[in-house]
Structure formats: structure tokens, C-alpha cells
Amino acid sequence: QVQLVESGGGLVQAGGSLRLSCAASGRTFGSYAMGWFRQAPGKEREFVAAIRRGAGSTYYHDAVKGRFTISIDNGKNTVHLQMDSLKPEDTAVYYCALKWAYIPELRLGEQYDYWGQGTQVTVSS
């Protein structure tokens, strides 16, 4: 069993920054990757960023590339999403997810095994 808890969401003006964190607990040793997804009202859930826990390789949605940075702590149980130059279209509930086994495509949310409850990010114009 794995538990994921997101934090760091809030209200920020366009151009501002937020740093999201996801604390993982339970049996996480040996897991393959952690990722961030988001879902805006009336929209489909979409991939934001992911990181391989072993190698540290990162992946980003084109819409956030250059603005968002995913990272993982030395203990590899907390993943962060630094969000800079935020835009109103970034407004969404942001979810942290963990994948146990290897998958070649980290952008597919349905492939992940565990999910947090989400944290709201609201960017005002």
C-alpha cells in the first residue's frame, strides 16, 4: 500500500510561482516513477511532468516545459513540482501519482498505480 499526499497549492497571480510537494509513504521502495497530472473543471486529466525515481530522468508536457520543474528528494520519497511563470490556463487540481513497474510511456495516467487526493492551483489573471 502506498499513500501520496500533495501540498503547496493555492492562489497565485499570473506570472507568479508555486511549489507543489508530494510525500509518499508506505511501500515505495523499488517503484519506477512518480508523476504530476492535472485536471481543470470540465477538462480531461492531462499529464504535466514525471520523473524516474532511479535515474532521475524527467519528462514534461509541452505546455509546461521551460516553466515547470519536477524534482525528487535524496530519499526519493518526496517529489516536487516547481511552477514558475504561471498562467491562468494552469488552473487545475494537481495530482501526484506513482507507478510501480516499468512503462515506456510515462504520460499515460491510466498506467499509474497510486494517486493522491490532489491540491488546487488557481492562477488569476
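Residues numbered from 1 in each chain as written. Predicted model: local features only at pLDDT ≥ 70, side-chain atom pairs only at ≥ 80, totals over all residues. Heavy atoms only, no water.

Participant: Can you walk me through the overall build of the chain in this structure?
Facilitator: The secondary structure content of the chain amounts to 0 helices and 11 strands. The secondary structure elements of the chain, listed N-terminal to C-terminal, are β-β-β-β-β-β-β-β-β-β-β. Taking 2.2 N^0.38 as the reference for a compact globule, 125 residues should give roughly 14 Å; the C-alpha atoms of the chain span a radius of gyration of 13 Å, in line with that estimate. Expressed along its principal axes, the backbone C-alpha trace of the chain runs to roughly 40 × 25 × 25 Å. Sorting the 125 residues of the chain into buried and exposed places 42% on the buried side. When contacts within the chain are restricted to residue pairs at least 6 apart in sequence, long-range pairs at least 24 apart make up 58% of them. (Helix = DSSP H or I, 4+ residues; strand = E, 2+ residues; numbered from the N terminus. Rg over C-alpha atoms; globule rule 2.2 N^0.38 Å. Buried < 20%, exposed > 50% of the residue type's maximum accessible area, 1.4 Å probe, protein only. Contact = heavy atoms within 4.5 Å.)

Participant: Whenever I open this one, the pairing of strand 7 (residues 68-72) confuses me. Can you help?
Facilitator: The two faces of a sheet get side chains in turn, since along a regular strand they alternate between them. Side chains of strand 7 alternate between two faces, with F68, I70 and I72 buried and T69 and S71 left unburied. Here strand 7 runs beside strand 8 (residues 78-83); their pairing, made up of 5 bridges, is antiparallel. Paired with I70 across the strands is L81, a residue of strand 8. Between the end of strand 7 and the start of strand 8, which pair antiparallel, lie 5 residues, with K76 showing a positive phi angle near 65°. (Pairing = 2+ DSSP bridges.)

Participant: Teacher, can you tell me more about the pattern of salt bridges here?
Facilitator: Pairing of side chains with opposite charge becomes possible as their charged atoms draw close. In total, this model carries 6 salt bridges according to the counting rule given. The partner of R67 in a salt bridge is D90, and the shortest N-O contact between them spans 2.8 Å. With R67 in the loop between strand 6 (58-60) and strand 7 and D90 in the loop between strand 8 and strand 9 (92-99), this pair connects stretches of sequence that are 23 residues apart. The same class applies to R67 and to D90, which are both buried. We note a salt bridge from E105 to R107, for which the minimum N-O separation is 2.8 Å. Exposure remark for E105: the relative accessible area of 29% places this residue in the partly exposed category. Through salt bridges that share partners, R38, E46, R67 and D90 make up one connected network. (Salt bridge = Lys/Arg side-chain N within 4 Å of Asp/Glu carboxyl O.)

Participant: Would you mind going over the packing of aromatic side chains with me for this structure?
Facilitator: Describing an aromatic ring pair means giving the distance of the ring centres and the angle of the ring planes. Under the criterion given, the structure shown has 5 aromatic pairs. Judged by centre distance (5.1 Å) and plane angle (80°), the rings of F37 and Y112 are edge-to-face. Within this pair, whereas F37 is found in strand 4 (residues 33-39), its partner Y112 is found in the loop between strand 9 and strand 10 (114-115), the two being separated by 75 residues in sequence. Ring pairs connect the aromatic residues F37, F47, Y112 and W115, which therefore count as one cluster. (Phe/Tyr/Trp six-rings, centres within 6.5 Å; stacked < 30°, edge-to-face > 60°.)

Participant: Is there a simple way to think about the state of the cysteines in this case?
Facilitator: Here a disulfide denotes one covalent bond, and it connects the sulfur atoms of two cysteines. Inspection of every chain in the model, using the stated rule, returns 1 disulfide. A sulfur-sulfur distance of 2.0 Å marks the disulfide that ties C22 to C96. Note on the C22 and C96 pair: the S-S dihedral is about -80°, so by sign convention the disulfide is left-handed. Taken as a pair, C22 in strand 3 (residues 18-26) and C96 in strand 9 lie far apart in primary sequence, 74 residues in all. No difference in accessibility class separates C22 from C96, as the two residues are buried. (Disulfide = S-S within 2.5 Å.)

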